[in-house]
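Listed below, chain by chain, are the residues.
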Amino acid sequence: MTHKIRNFSIIAHIDHGKSTLADRLLELTGAIDRRQMKEQVLDTMDIERERGITIKLQPARMVWQPNKLKIENSKIETRNKLEIRNSKLEISDLAFELNLIDTPGHVDFSYEVSRSLAAVEGVLLVIDATQGVQAQTLANLHLAEEAGLAVIPVINKIDLPAADVEKTTNELNALGIDFVCPPIAISAKSGTNIEKVLEAIIKFIPPPSGREKTVARALIFDSYFDSYRGVIVYVRVVDGTIRAGDELKTMQTGKVAEALEVGGVCLGLHHERELRAGQIGYIVTSLKDIAAARVGDTITTIISRQTSVVSSRSSGDQRPTANDLPLAGYKEPQPMVYAGLYTASGDDYQKLRDALAKLKLNDAALQYEPSSSTAFGFGFRAGFLGLLHLEVVKERLEREYDLDLVVTVPTVAYRPQSQNPISNAQPLTSNQWEEPWVKLEIILPEEYLGGAMQLVIGRRGVLGDVKYLGERVVLEAEVPLGEVIIDFYDKLKAATSGYGSVSYDLIGYRPADLVQLDILVAGDKVDALSRLVPKVNVDFIARQVVAKLKEAVPRQSFEVKLQAAVGAKIIASERLAPFRKDVTEKLYGGDITRKRKLLEKQKKGKKKMARLGTVEVPTEVFVKLLKY
């Protein structure tokens, strides 16, 4: 029955209408009742709905029965070979199972996209007719090409006055990509031509390949922990059949579990008797260890190894069979940004550790290790894919696990030069570090090219090729990651009047000239604000930080000095003026010496407070300094 299954994802640049198209597909196929319909129906987290973005991939199963569909001389390209289907395939009054995996559009969550693409045979590439091809459009398209998927281009928002379908089509043609069909012009908001999208899915996306009558192998592409039911995994079944009651084993971790329940996913879990080859669904396992079912692991029936051993012994071949080998899985995600996570009270370390462990199961890109700070006690040094990923994780920890967190200033992962190994006892000098570099792809109108080039050069970048994409250009460049994660996107929008977009990929490490920048508040060093920065930019960064600190730190009854230092040298300073009580308000005339005496007494008192007093830096100050 795999010939009646279509597995696909929707990929797009952020805000190009991907979630709205998913809403219309669910609505048209009857997967959700009209009375239950709402915008971004697959965005189930509050934070997704508030921010208007997709953060987590979300599977959804639909059933669609076209009235009449003819596929003539259809060539369907699969990952393994080119198969020629029947010259005339009449599909009438047949129901198709469509498994959609909705994906994020923001660059910080590209790992979610890559996981989704490993579980499908095709994608819908959505492009906004008013904006055309954007940077993340290209980045996601590259991922789909690498996975060998069928790509159906969909031009959305044709109902808007500024829509230019012809221009957008020309930009797609300029990419030189061999799409499986011409672009489909739609309006996901109004529902225009959505049925044509469904017809293209059935006609141009190949059915899954896989053997049904064999032992089961399934790829885990997402998972989460349920307090009452244990570990629940989302899987794409590649071979065989998985039924409730089957004994399962994870090939990487070697954990054995029972399939307590299996079924499909569409705005909730829907129990079924079995999951067959080619299907996407869920398995409720008996696992209680949240690290036992890793994303990218292969889950198989326990009989698979026994069967393959018996088969190999009978044939005299000791090599494992294909069904005894794990599936390809995923490359380990590389964190781009690091920050310290601590609890504000310092007493909830265990609670934070448990929360991170549970979140890690649902967010494979999150990495963390124990850390400690003289200011905040015990916590964790966590790695993220970008600043948005960091902010989302922080909000989820606070909302879902009732934690009050302190987040230290984010930084990239600097490392000692590999060709200059240094002992831990010897401090590193400024020229013994390496920093990560990324390759940028910036898409913008040609008239803003000069401004974008100046921005790249000002961020210690190296300019690359310029390619023409219709009336716009694609600027390639290589830039240190530390210069990109902070405010590069905001500056690019300003330099291009909002028309520029950017995506980036890590390309490796290069030598860096770095210095340690320390921040002092009232003479005391704040460990959470200390960081390594490029020596060439240290003065500028120091002035920015102390200026922002002056706005964020509350005033005291005494003068507070805010300073930035490299070693013993103060390179930037601000003064936080004290509150001043009018001690002379009760004086009515008299000798001026009485007034001077009171003011002098107040001055001495403030000096004493400044000498003995301490300043507590509030938690929200660290959040406000995330981008400085």
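Before reading further, recall that the structure is shown in the block above.
Not measured: the values here are computed from a predicted model.

Enquirer: Talk me through the packing of aromatic side chains; I want residue IDs and the actual numbers.
Expert: Throughout the structure, instances matching the rule amount to five aromatic pairs. Between phenylalanine 221 and tyrosine 234, the aromatic rings sit 6.2 Å apart at their centres with planes inclined by 40°, giving tilted as the arrangement. Taken together, the residues span a long stretch of sequence, with phenylalanine 221 in strand β11 (residues 217-226) and tyrosine 234 in strand β12 (residues 230-239) at a distance of 13 residues. You can call phenylalanine 221 buried: its relative accessible area is 0%. The lysine or arginine in question, arginine 415, covers the ring of tyrosine 509, its NZ or CZ lying 3.8 Å from the ring centre.

Enquirer: Talk me through the environment of aspartate 465; I want residue IDs and the actual numbers.
Expert: Checked against the element boundaries, aspartate 465 lands in strand β26 (residues 462-469). Overall, aspartate 465 belongs to the partly exposed group, its relative accessible area being 48%. Separated by 24 residues in the primary sequence, aspartate 465 and glutamate 441 place their C-alpha atoms 9.8 Å from one another. The contact partners of aspartate 465, leaving out residues within four places of it in the chain, are Val474, Leu475 and Glu476.

Enquirer: Please set out the sheet that holds strand β21 (residues 367-373) residue by residue, giving values where relevant.
Expert: Read across the open sheet, the four strands follow the order β21-β22-β20-β23; overall the sheet is antiparallel. The open sheet terminates on both sides in strands that have one partner only, identified here as β21 and β23 (405-407). Averaged over all neighbouring strand pairs, the angle between strand axes comes to 30°, with direction disregarded. Pairing geometry for strand β20 (residues 337-343) and strand β22 (residues 377-384), over six bridges, is antiparallel. Bridge assignment links tyrosine 338 to a residue of β22, and that residue is glycine 383. The strands touched by helix α9 (residues 387-401) within the sheet are β20, β22 and β23, with β23 carrying the most contacts at an inclination of about 165°.

Enquirer: I'd love a proper account of helix α10 (residues 449-458), names of residues and values included.
Expert: Buried residues of α10: Leu449, Ala452, Leu455 and Val456, and no others. Angular distribution of buried residues about the axis of α10 spans 125°; they occupy a single face of the element. Residues of α10 that are exposed and angled more than 90 degrees away from the buried face: Gln454 and Gly458. For α10, the elements touching its buried residues are β25 (433-445), β26, β27 (472-480) and α11 (488-495).

Enquirer: Residues and numbers for the sheet that holds strand β7 (residues 96-102), please.
Expert: Neighbouring strands of a sheet are bound in pairs by backbone hydrogen bonds; such pairs are parallel or else antiparallel. Spatially, six strands are ordered β2-β7-β1-β8-β9-β10 in an open sheet, and the strand pairing comes out mixed. The sheet is open, and its two borders are formed by β2 (58-64) and β10 (184-185), each paired with just one other strand. Here strand β9 (residues 150-156) pairs with β10 via two bridges, running parallel. What sits directly across from isoleucine 155, in β10, is alanine 185.

Enquirer: Lay out the packing of helix α1 (residues 18-28) against helix α6 (residues 194-204) with the relevant residues and their values.
Expert: Two elements in contact, α1 and α6, have axes whose closest approach is 10 Å; the angle formed by their N-to-C orientations is 85°. Judged on the interaxial angle alone, α6 and α1 are roughly perpendicular. Taking contact as the criterion, the partners of Leu21, Arg24, Leu25 and Leu28 in α1 are, on α6, Ile194, Glu195, Val197 and Leu198. When the residues that make up the contact of α1 with α6 are grouped by side-chain class, the tally is six nonpolar, no polar and two charged.

Enquirer: Help me get a handle on unusual backbone geometry, residues and values and all.
Expert: Positive phi values are uncommon outside glycine, yet aspartate 402 reaches one of about 55°. Note that aspartate 402 resides in the loop between α9 and β23. Look at aspartate 402 and you get exposed, because its relative accessible area is 61%. The phi dihedral of serine 497 falls on the positive side, at around 55°, and the residue is not glycine. Tracing the sequence through the fold places serine 497 in the loop between α11 and β28 (501-512).

Enquirer: I'd like to hear about the nonpolar core, residue by residue, with values.
Expert: In terms of nonpolar packing, the biggest core is built from 45 residues, with Phe384, Leu397, Leu440, Ile442 and Phe488 touching the most fellow members. Here this core takes five residues from β25, the largest share from any one element. If we ignore the near neighbours within four places in the chain, the residues touching phenylalanine 384 are Pro335, Met336, Val337, Ala339, Leu341, Leu366, His389, Leu390 and Val393. Leu125, Ile155, Tyr282 and Ile443 belong to the second-largest nonpolar core, a separate cluster that totals 30 residues.

Enquirer: Could you give an account of the pattern of salt bridges, naming the residues involved and the relevant values?
Expert: Per the counting criterion, the structure on display carries 22 salt bridges. Between glutamate 398 and lysine 394 there is a salt bridge, and its shortest N-O distance comes to 2.9 Å. Residue glutamate 398 and its partner lysine 394 are located together in helix α9, separated by four residues, close to a single helical turn. Of the residues examined, glutamate 398 reaches a relative accessible area of 24% and is grouped as partly exposed.

Enquirer: Describe the packing of α10 against α11, listing the residues and the values that go with them.
Expert: Relative orientation of the contacting elements α10 and α11 amounts to 155°, with a least axis distance of 9 Å. By the angle between their directions, the pair α10 and α11 is classed as roughly antiparallel. When the axes of α10 and α11 are compared, the crossing they make is right-handed. Contacts from Gly451, Ala452, Leu455 and Val456 in α10 reach Phe488, Lys491, Leu492 and Ala495 in α11. Its residues assigned to classes, the contact of α10 with α11 shows six nonpolar, one polar and one charged.

Quick notes on the rules
- Residues numbered from 1 in each chain as written.
- Predicted model: local features only at pLDDT ≥ 70, side-chain atom pairs only at ≥ 80, totals over all residues.
- Heavy atoms only, no water.
- Phe/Tyr/Trp six-rings, centres within 6.5 Å; stacked < 30°, edge-to-face > 60°.
- Helix = DSSP H or I, 4+ residues; strand = E, 2+ residues; numbered from the N terminus.
- Buried < 20%, exposed > 50% of the residue type's maximum accessible area, 1.4 Å probe, protein only.
- Lys NZ or Arg CZ within 6 Å of the ring centre and 35° of its normal.
- Contact = heavy atoms within 4.5 Å.
- Pairing = 2+ DSSP bridges.
- Axes fitted to C-alpha atoms, helices over the stretch in contact; angles between N-to-C directions.
- Arc of directions from axis to C-beta.
- Parallel < 35°, antiparallel > 145°, perpendicular 65-115°, else oblique.
- Nonpolar A, V, L, I, M, F, W, Y, C, P; charged D, E, K, R; others polar.
- Core = buried A, V, L, I, M, F, W, Y, C linked by side-chain atoms within 4.5 Å.
- Salt bridge = Lys/Arg side-chain N within 4 Å of Asp/Glu carboxyl O.
- Left-handed = near helix turned anticlockwise from the far one by under 90°.

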